[in-house]
Amino acid sequence: MAATAARAEGPRGSRTGGRLAALRPNRWALLALPALALVLIAFAYPVFDILRRSFTEPVAGFDNYRQFFETPAYVTILRRTFMTAAIVTVVCLLLGYPYAYLMTIVRPRWKIVLLAVVLVPFWTSLMVRTYAWIVLLQDTGVVNDVLDAMGVGRLSLIRNTTGVTIGMTQILLPFMVLPLYSTMQGIDRRLLHAAEGLGAPPRTAFLRVYVPLSLPGVTAGVTLVFILALGFYVTPALLGSPQNALLSQLVVQQVSQLLNFGSGGAMAAILLAATLLLFALVSRVVRPSRAFSSLGSDT
Amino acid sequence: MRRNWSGSASAMLAAAVLAAGCGGDENGGAKDGDVQGQQSSGTTDPAQLLKGKTLTFVSFGGAYQEAQTKAMLEPAESRFGVKFKQDGPTDYAKIKTQVAAQRVSWDVVDSDPFFARQQCNKLLEPIDTMIVDTSKMPKELVSECAVPSMTYSYVMAYNSEKYGANVPQGWKDFFDTQKFPGKRALWNYSQGGGYEAALLADGVPPDKLFPIDYDRAFKKLDTIKKDLVFWESGAQSQQMAESGEVDMMLIWSGRLYNAVENGSKFKPQWNENMAVYDVFMVPKGTKNKDAAMAFIAYATGPEAQAALTENIPYAPINSDAKPKVGGLLKSYLPTEPEIMDKAVLVDQQWWGDNYDDATQRWTAWQAG
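Here the structure is a predicted model, which means the values were calculated and not measured.

Caption draft 1: Local environment of the overall build of chain B. A tally of helices and strands in chain B yields 19 helices and nine strands. Sorting the 368 residues of chain B into buried and exposed places 55% on the buried side. Put simply, 71% of the contacts in chain B that link residues at least 6 apart link residues at least 24 apart. Put simply, chain B shows about 15,700 Å² of open surface, and 51% of that area lies on carbon and sulfur atoms.

Caption draft 2: A look at the confidence of the model for chain B. All names here are of chain B. Summarising the model, chain B shows a mean pLDDT of 89, and 88% of its residues fall at 70 or more. Contacts from residues 1-41, a stretch scored under 50 in pLDDT, to residues over four places away or in other chains number 21 contacts. Here the complex is predicted with pTM 0.80, and the ipTM for its interfaces comes to 0.77.

Caption draft 3: Main features of the state of the cysteines. Residue and element names in this part refer to chain B. Tallying each qualifying case throughout the model produces one disulfide over all chains. Covalently, Cys120 is tied to Cys145 through a disulfide, its sulfur atoms 2.1 Å apart. With the S-S bond torsion at 70 degrees, the cross-link from Cys120 to Cys145 turns out right-handed. Taken together, the positions of Cys120 in the loop between helix H8 (113-118) and strand E4 (147-159) and Cys145 in the loop between H8 and E4 put the pair 25 residues apart, joining distant regions of the chain. Given a relative accessible area of 0%, Cys145 falls into the buried group.

Caption draft 4: Main features of the interface of chain B and chain A. Across the contact, 32 residues belong to chain B and 27 residues belong to chain A. Both faces considered, chain B and chain A share a buried interface measuring about 2,400 Å² in area, 54% of it formed by carbon and sulfur atoms. Inspection of the region where chain B meets chain A yields two salt bridges. Between Lys183 of chain B and Asp139 of chain A there is a salt bridge, with the nearest N and O atoms lying 2.9 Å from each other. Counting the contacts that link chain B with chain A gives 12 residue pairs in polar contact (both at pLDDT 80 or more). Among the secondary structure elements, those contributing two or more residues to the side of chain B that touches chain A are helix H7 (92-100), strand E6 (228-231), helix H13 (234-243) and helix H19 (348-367) of chain B. With eight residues, the single largest contributor to the side of chain B that touches chain A is H19 of chain B. Residues belonging to the side of chain B that touches chain A are distributed by class as follows: 12 nonpolar, 13 polar and seven charged.

Caption draft 5: Empty space enclosed by the protein, seen in detail. Residues and elements named next belong to chain B. Considering all chains together, one arrives at one cavity of 30 Å³ or more under this definition. Its volume calculated, the largest cavity comes out at about 40 Å³. Lining of the largest cavity is provided by Asp112, Pro113, Tyr152, Tyr154, Gln191, Val276, Tyr277 and Gln348. Among the secondary structure elements, those contributing two or more residues to the lining of the largest cavity are E4 and strand E8 (266-281).

Caption draft 6: Molecular detail of the environment of Phe230 of chain B. Mapping Phe230 of chain B onto the fold places it in strand E6. Aside from chain neighbours lying at most four places away, what touches Phe230 of chain B is Arg159 and Pro242 of chain A together with Leu186, Trp187, Asn188, Gln236, Met240, Trp362, Trp365 and Gln366 of chain B.

Caption draft 7: Structural detail: unusual backbone geometry. In this chain, Gly88 of chain B is followed by Pro89 of chain B through a cis amide linkage whose omega measures -5 degrees. Checked against the element boundaries, Pro89 of chain B lands in the loop between strand E2 (83-87) and H7. Of the consecutive residues Phe210 of chain B and Pro211 of chain B, the connecting peptide bond is found in the cis state with omega at 0 degrees. Mapping Pro211 of chain B onto the fold places it in the loop between helix H11 (190-201) and helix H12 (214-222). The residue Leu259 of chain A is not glycine, and still its phi comes out positive at about 55 degrees. Positionally, Leu259 of chain A belongs in the loop between helix H13 (247-257) and helix H14 (261-285). Overall, Leu259 of chain A belongs to the buried group, its relative accessible area being 8%. Notably, Gln102 of chain B is not glycine yet its phi reads approximately 55 degrees, a positive angle.

Caption draft 8: Examining the pairing of strand E7 (residues 248-252) of chain B more closely. Residues and elements named next belong to chain B. Counting buried residues in E7 gives five out of five residues, a clear majority hidden from the surface. Along E7, one buried face is formed by Met248, Leu250 and Trp252 and the opposite face, lined by Met249 and Ile251, is buried too. When E4 meets E7, the two strands line up antiparallel, connected through five bridges. Within E7, the position partnered with Tyr154 by the bridge is Trp252. As defined by bridge partners, strand E5 (residues 184-187) adjoins E7 across two bridges and the pair is classed as parallel. Residue Arg184 lies in a different strand from E7, and its bridge partner there is Met248.

Conventions used here
- Residues numbered from 1 in each chain as written.
- Chains lettered and ligands numbered in written order.
- Predicted model: local features only at pLDDT ≥ 70, side-chain atom pairs only at ≥ 80, totals over all residues.
- Heavy atoms only, no water.
- Helix = DSSP H or I, 4+ residues; strand = E, 2+ residues; numbered from the N terminus.
- Buried < 20%, exposed > 50% of the residue type's maximum accessible area, 1.4 Å probe, protein only.
- Contact = heavy atoms within 4.5 Å.
- Areas by Shrake-Rupley, 256 points an atom, 1.4 Å probe, with all protein chains shown as cover.
- pLDDT = per-residue confidence, 0-100.
- Disulfide = S-S within 2.5 Å.
- Buried area = accessible area lost by both parts, 1.4 Å probe.
- Salt bridge = Lys/Arg side-chain N within 4 Å of Asp/Glu carboxyl O.
- Polar contact = N/O pair within 3.5 Å; in protein donor to acceptor, adjacent residues only side chain to side chain.
- Nonpolar A, V, L, I, M, F, W, Y, C, P; charged D, E, K, R; others polar.
- 1 Å grid on protein atoms, 1.4 Å probe; cavity = no way out; pocket = protein on both sides within 12 Å on 5 of 7 lines; lining within 4 Å.
- Points joined across faces, edges and corners; volume = space filled by probe spheres on them.
- Pairing = 2+ DSSP bridges.

In structure tokens:
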């Protein structure tokens, strides 16, 4: 019925008709219901329950939040969590940007190879990858054996921030490369030629034409990597020292060791609130909606 | 919370749920003590209590749970006609959730002893000593809501190649980076022996370790902080002992044995080894309380305890158990006089009473 009504209004439809059609439930939209139900049951409800507990257990009020900010160690760990996520995001961007750029200019066959190299780790268990890093990076490991043979000497590569950064970067790199690549392959390279034709040196053309056009991909990649990094648990636990512990490790301790569901919930809520606040600030500078929409409408 | 909500729903629905048996089970669980007591007044014989029952057994996974399966679960299945479902690893938050929701699906849980003392009668059922015979167990390992399941130790191990003939003699040497240079490893866990090791090194006599003097322990730990790394899991500690990443470490005796079998150059120093153990306990409100007790009776008996040791280097807690083992494995059992005489017993009651505070302080020390 909806379809015939829309057809009767003609190909363009009147302004009001068009708006109504957008509001009218599309039969295909029903296919989204299972996903919606899953998100509500498996995500929204637990988050709500965690928030509720943080204000009600063990006693009603803001005690859990007050205690968090009154414990210097917890505040240190919160600050460290954001710092670590920031470091990993910057490293991912520095590695991912040239890599994604390379993917857009090589032949298709090489493009597949480069893509596979990024994706293969995705299909390997996180634990396996983390233990592999331990074997490679430990003081008596392969990497240090090579460095030693080269005369560099042995470096401390795990149980510190270096180890955590290496491990997290490897896991998160695909989340940077893929959005960058999808944006970059949509950039019309003739614009660079045009800029050069108008007298810009290649470097200027790249910085003033290509880089701004790739910014939506940068924003998407940075957002994804940063948010995912905030929740890391296994990698910092195994590749870092206790001085690299992130907030998620504290939450686990509260919930499964101390059975303080309320306090663990408050920590999770604080992390969530701080993240949302940060992105509210970022979105005042860059519109995140642009980052995730196709580039076509902007050019 | 959930029960209140369903109670305020329509009476028809509630009646239907009760008729379906679900509500009935919950009532049975809530008033477990009385109802079961009356039902079971006839027998305390494990064979009758276990017959036809299905129990969920929970432990810490890995080689340990496999050994328990072979030594305890499978023989009980074939002998008593009981069936086991298994879950793991032991997770205190899950026990709390199950008990709070009155939907207890775990019947027998292998756990740390401090938890059983901390949560006795809150999240756990008292052990029914009419069914479980505790007379052959070391008294200090038995508590109201738990009986020991095996013993092991936190032992100091050192790289035998690095130190040659001049080996570290105890925790004092572990903290002496002048005489014994090199990296050390401790377990990143408040209850993992770190406090005790530091206090022993600082000259506190073994029988005066508890209550833990936090300030004194942290002061001592600070002296080696820059030479100290931490492990998070048993697998990781074994990996450290095998790779030689550290030169000295605190490690579980069983994991050290596995590492040595795999060619590790590490050797145990049994002086001041910390005697620790696991326990069996029963979450409060399980529908299978008596059967759970009956299984615990069997699993702590001489036969099952001997079989466990034949499968994994942990020592039996039943004085009648005579495992047929020899060689290297035998030399790692905390029941060996050479080890037992040098052991320091960790006060699990103190840990039960102080676990939360000690854990928060440990975390605060490490974060700084």
